[in-house]
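# Summary of structural features
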Amino acid sequence: MLKNKTFSFFVLIAIVILFSIVLIFFLASKKPLPDNPESEPDNATSSVIEESAKESIPEESLEESIPEESLVSDVSEELSDRIVLSEVDGSFYINFKDGNDVEIIYPNFPVAASPEYKSFDEFKTKLKKLDFNKDEIYTIKASFEKSKNGILFINPDKIYYPKCLSDEFSFRNISLGSGWYSFRYLSNDQKLIDIFYSDKNETHFESLEEKIKRVTSSKPKKTKTTEEFEGYQKIVYSFTSETGIKFVHKFWTYKINETEYVVEEQYVSPSPSSEPDFNEGSFYVSVDNIDYNIYIYSKVHVDPEFLSGLILDQQ
């Protein structure tokens with residue numbers, strides 16, 4: 001009887017030990033859980049969360065989070081989406097879709113007086129396509145004349161240029177301004193000549209008599225003389241202002257291929273004690289049946305032969 005009890009006791013102990021060993025092996029085969037299960041999602045779960053978060057954020061907010069590094073629109077945009085050209089009462093204006101004002105000025109950012117171009121083809125292409133880089137747009141926004149209609153511009157479909165100046169002049173550059181553009185030349189003796197084209201908004205062409213009356217009617221103590229040339233005559237008015245500065249205006253007209261040119265020359269004395277310098281003059285040229293006025297600042301002689309080659313419509 002005692003032997004049977006002893007044998008039963010050892011069997012029970014063996015069963016307990018065997019069960020314990022099996023339990024230990026079973027637990028050891030299980031993957032341990034992380035300390036914080038929610039903090040370590042698997043890759044698939046992470047991707048789902050990321051895509052869900054993107055969908056919940058408005059597209060506008062994503063765009064606003066990108067810092068704007070430029071003062072102007074991205075030049076890779078469609079040009080028609082960036083610049084709008086319009087005509088109001090005979091004048092032309094441009095408006096930028098991102099606004100016409102320069103709101104941010106970077107320190108020491110160079111502001112040119114006007115965009116400049118080294119060739120007529122480059123200049124014409126810029127105007128035809130309104131294809132300006134960010135520096136050009138910055139200059140246009142910062143320095144061109146603005147109004148409620150937009151930024152004063154020129155008609156890009158009618159561009160004129162000096163077509164056959166003599167060989168004594170070499171081309172330098174073209175400048176674009178607000179409602180005007182100009183060509184700079186250098187003569188063989190290193191004298192600069194600037195030829196400006198600007199909008200002619202008036203509907204009435206001013207004759208020689210009308211121009212003389214408008215310019216001289218308010219001038220006191222003026223004297224009148226004439227200068228004779230082959231084929232034309234200059235009417236000369238001289239007067240002195242209240243400050244003692246002396247002025248000389250010369251008026252003349254001529255025709256080339258049935259187109260009438262009316263010219264006003266102006267010379268001014270540097271000081272009351274000196275006489276006008278006739279080697280440095282300003283010339284205002286009105287041309288009949290042409291949409292632009294011409295202004296010339298020159299240190300060289302301007303005559304009908306010189307003026308006859310100034311204009312060619314590039315439309």
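Note: the structure precedes this text.
So, how was this worked out
- Residues numbered from 1 in each chain as written.
- Predicted model: local features only at pLDDT ≥ 70, side-chain atom pairs only at ≥ 80, totals over all residues.
- Heavy atoms only, no water.
- Helix = DSSP H or I, 4+ residues; strand = E, 2+ residues; numbered from the N terminus.
- Pairing = 2+ DSSP bridges.
- Contact = heavy atoms within 4.5 Å.
- Axes fitted to C-alpha atoms, helices over the stretch in contact; angles between N-to-C directions.
- Salt bridge = Lys/Arg side-chain N within 4 Å of Asp/Glu carboxyl O.
- Buried < 20%, exposed > 50% of the residue type's maximum accessible area, 1.4 Å probe, protein only.

Once that is clear, we can look at the environment of tyrosine 160. Mapped onto the elements, tyrosine 160 comes out in the loop between β5 (150-153) and β6 (169-176). Separated by 150 residues in sequence, tyrosine 160 and leucine 310 have C-alpha atoms that sit 8.1 Å apart.

Let us look at the sheet that holds strand β10 (residues 232-240). Spatial strand order, β3-β6-β7-β8-β14-β13-β12-β11-β10-β9: 10 strands in an open sheet with antiparallel pairing. Either end of the sheet is taken by a strand with one partner, and the two such strands are β3 (116-117) and β9 (223-229). Relative to strand β11 (residues 246-256), β10 runs antiparallel, the two sharing six bridges. Across the sheet, the residue bridging to phenylalanine 239 is phenylalanine 247, located in β11. Those strands touched by helix α5 (residues 120-129) are β3, β6 and β7 (180-187), and its axis lies near 15° from that of β6.

Inspection of the entire model under this criterion finds 10 salt bridges. For lysine 146, the salt bridge goes to aspartate 101, with nearest N and O atoms at 3.1 Å. Of the two residues, lysine 146 sits in strand β4 (residues 146-147) while aspartate 101 sits in the loop between β2 (91-96) and β3, which places them 45 residues apart along the sequence. On the accessibility criterion, lysine 146 (36% relative accessible area) is partly exposed. With a shortest N-O distance of 3.0 Å, lysine 126 and glutamate 136 are connected by a salt bridge. Of this pair, lysine 126 sits in helix α5 while glutamate 136 is found in helix α6 (residues 134-143), placing the two residues 10 residues apart along the sequence. According to the relative accessible area criterion, glutamate 136 is buried, its value standing at 10%. Each of Glu206, Lys211 and Arg214 takes part in salt bridges that share partners, so that together they form one network.

What follows covers the sheet that holds β4. The four strands are arranged β1-β2-β5-β4 in an open sheet whose pairing can be described as antiparallel. Lying at the two open borders of the sheet, with one neighbouring strand each, are β1 (83-88) and β4. By the bridge criterion, six bridges tie β1 to β2 in an arrangement that is antiparallel. Across the sheet, residue valine 88 finds its bridge partner in β2, namely serine 91. Packed on one face of the sheet, α6 meets β2, β4 and β5 and runs near 115° to β2.

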